[in-house]
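Single-letter residue listing:
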Amino acid sequence: MTTLVTGGAGYIGAHTVRALQNAKRDVVVLDTLERGNKKAVIDAKLIVGDIADQKLVAKICRKYKVTNVVHFAAYKAVGESMTHPMKYWQNNVSSTLKLLETLQAHDISRFVFSSSASVYGTPKSSPTTENEPTNPESVYAETKLAVENILRSLAIDGLNSVSLRYFNAAGASSDNKIGEDWTTSQNLIPRVMRALLDDKFKFEVFGNDYATPDGTCIRDYIHVEDLAVAHVKALEYLESYGKTTVCNIGTGKGTSVKQLLEMTAVVAKREVPHTIGARREGDPVSVYADVTLANKVLGWHATQDLQSIIQSAFTWHSTHPNGFR
Ligand SMILES: NC(=O)c1ccc[n+]([C@@H]2O[C@H](COP(=O)([O-])OP(=O)(O)OC[C@H]3O[C@@H](n4cnc5c(N)ncnc54)[C@H](O)[C@@H]3O)[C@@H](O)[C@H]2O)c1
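Residue numbers run consecutively from 1 along every chain, following the written order of its sequence. It should be noted that, the model being predicted, local features are given only for residues of pLDDT at least 70 and side-chain atom pairs only at 80 or more, the latter also being counted only at that level, while totals for whole chains, interfaces and linings use all residues.

Student: Please clarify how the overall build of the protein should be interpreted in this entry.
Tutor: Strands here are runs of E lasting at least two residues and helices are runs of H or I lasting at least four, both read from the DSSP assignment and numbered beginning at the N terminus. In terms of regular secondary structure, the protein is built from ten helices and 13 strands. Values of the radius of gyration come from C-alpha atoms, whereas the globule rule sets the reference at 2.2 Å times the count of residues to the power 0.38. In terms of C-alpha radius of gyration, the protein reaches 19 Å, essentially the compact-globule figure of 20 Å for 325 residues. Here the protein holds 325 residues, and 48% of them are scored as buried. Restricting to contacts in the protein with at least 6 residues of sequence separation, those with at least 24 account for 78%. Partly exposed residues are those falling between the two cut-offs: more than 12 but fewer than 20 other C-beta atoms within 10 Å of their own, whereas 20 or more means buried and 12 or fewer means exposed, with C-beta atoms placed from the backbone. C-beta atoms are placed from the backbone for every residue, and two residues are taken to be in contact when these atoms lie within 7 Å.

And the structure:
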């Protein structure tokens, strides 16, 4: 019984490989390394290759007796998806279809998929439940929803899946061995850390006149180690004959950009240099998860708070300013 982790040399995949191993599962990683790093794969077998390479995936399934798949491999930059849409449809959807076809041919029936809260677009209500209508506002989000829909229909063919709709993944491993690369990540916390640690980097808060208590946007930051454990729980759910579902993965708590900067100043013992700029087009005011379903169906809940996220990110970026390079 081996779990194939696609994209396991990336940020969330690498943390999940460790969570799976902590749960005493055998793991094999498939990653092109285009956007990941082999140093992030600690103590697991890494095969460098593409999910769309059906011969290679078939060989891996046979050789390692793969029974489950956790599928991270994708491109994730919202801005890039708007300028290079074909690249996103091809890698995130077309290549995923090829992967699914190969898995079906090998009777693999359990699949956990990295979806995203971006499928909700600007939710009408927060906390946002899975019943919120989907309304993707980028090509990236469209591709995530497309794969969710494919998985929903493949349930008829006997493929059971959990699409985890992540909110804002953040932080680094508690032993400081894996974390994000601020030169490639567009996420807020790596940019805040860069503002603290790199004098040349200019950090701008996009708008402080939103209809929130302090005027800045609110998001749900989930520690990447908690997120990793959610994949183990999702596999356990599928192994207990759980049916295909989608599930929010967040903390259920909203944090404003200003609150995040204040917490960072406490952790780093100095203020984060920043300027206040204009609102960024398309930024929803407030997005945070209702996590009732994840609690109930997966038996999962977040265990680490904002301070722990920021502390781990600060330690990681202070010691790895160039990521793994
Ligand atoms: N980081 C977030 O906040 C976030 C939020 C929501 C959803 N997600 C989703 O979670 C997944 C992982 O995100 P991440 O932050 O770890 O991204 P990442 O870019 O760090 O990792 C993705 C990995 O997939 C690999 N990859 C890409 N295409 C591949 C292919 N065709 N074959 C094999 N490997 C391939 C890359 O080399 C990389 O190592 C992605 O699907 C992303 O869309 C991430």
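Having put the structure on the table, let's press on.
Student: Looking at this model, I keep getting lost on the sheet that holds strand β11 (residues 245-249). Mind explaining?
Tutor: By way of backbone hydrogen bonds, the strands of a sheet pair with one another, either parallel or antiparallel. Pairing between strands is defined by DSSP: at least two bridges between the two strands are required. A sheet is described by the order of its strands in space; here seven strands give the open sequence β3-β2-β1-β4-β5-β6-β11, paired in parallel fashion. Only two strands of the sheet have a single partner each, and these edge strands are β3 (45-48) and β11. Strand-to-strand twist of the sheet, defined as the mean angle between neighbouring strand axes without regard to direction, takes the value 20 degrees. Relative to strand β4 (residues 66-71), strand β1 (residues 2-6) runs parallel, the two sharing five bridges. Its bridge partner lying in β4, Thr 6 is registered against His 71. Helix axes are fitted to C-alpha atoms over the stretch in contact, other axes to C-alpha atoms as well, and angles between N-to-C directions run from 0 to 180 degrees.

Student: Got a minute to help me understand unusual backbone geometry in this structure?
Tutor: Negative phi values dominate among residues other than glycine, just as trans dominates among peptide bonds. For the bond running from Ser 126 to Pro 127, omega is 0 degrees, close enough to zero to count as cis. Structurally, the position occupied by Pro 127 is in the loop between β5 (110-116) and α5 (139-154). At Lys 24, a position not held by glycine, the phi torsion is positive, near 65 degrees. The exposure class of Lys 24 is exposed, given the 6 C-beta atoms found within 10 Å. Non-glycine residue Asp 107 carries a positive phi angle of around 55 degrees. Its place among the elements puts Asp 107 in the loop between α4 (85-105) and β5.

Student: Teacher, can you tell me more about the site of the ligand here?
Tutor: Neighbouring residues of the ligand: 29 residues in total, closest Gly 7, Gly 10, Gly 36, Ala 73 and Ser 114. Looking at the shell around the ligand, the elements with two or more residues in it are α1 (11-22), β2 (26-31), α4, β5 and β7 (168-170). With three residues, the top contributor of residues to the shell around the ligand is α1. Amino acid classes used here: Ala, Val, Leu, Ile, Met, Phe, Trp, Tyr, Cys and Pro are nonpolar; Asp, Glu, Lys and Arg are charged; the rest, including Gly, are polar. Taken together, the residues of the shell around the ligand sort by class into twelve nonpolar, twelve polar and five charged. We call a residue near a molecule or strand when its C-beta atom, built from the backbone, sits within 6 Å of it.

Student: Quick question: what am I supposed to make of helix α10 (residues 306-319) here?
Tutor: Quick reminder: α-helices carry 3.6 residues per turn. Residues three or four places apart thus point the same way. Multiplying one less than the number of residues by 1.5 Å gives the expected span of a helix. The end-to-end C-alpha distance of α10 is 20 Å, a good match for the 20 Å that 14 residues give at a rise of 1.5 Å each. Leu 306, Ile 309, Ile 310, Gln 311, Ser 312, Ala 313, Phe 314, Trp 316 and His 317 are the residues of α10 that are buried. Tucked inside the fold, the buried residues of α10 contact β7, α6 (188-197), β10 (221-223), β12 (255-256) and α8 (257-268).

Student: Honestly, the packing of α6 against α8 in this entry has me stumped. Any pointers?
Tutor: Two quantities define a packed helix pair, namely the angle between the helix axes and the distance between the axes. Orientation of α6 relative to α8, taken along the N-to-C sense of each, is 45 degrees, at an axis distance of 11 Å. Looking at the two axes, α6 sits oblique to α8. Judged by the sense of rotation from one axis to the other, the crossing of α6 with α8 is right-handed. Residues Leu 188, Val 192 and Leu 196 of α6 pack against Val 257, Leu 260, Leu 261, Thr 264 and Ala 268 of α8. Classifying every residue of the contact of α6 with α8 gives seven nonpolar, one polar and no charged. Angles below 35 degrees are treated as roughly parallel, those above 145 as roughly antiparallel, those between 65 and 115 as roughly perpendicular, and all remaining angles as oblique. In a left-handed crossing the near helix is turned counterclockwise from the far helix by less than a right angle, and in a right-handed crossing that turn is clockwise.

Limitation: the analysis is restricted to geometry and does not speak to function.
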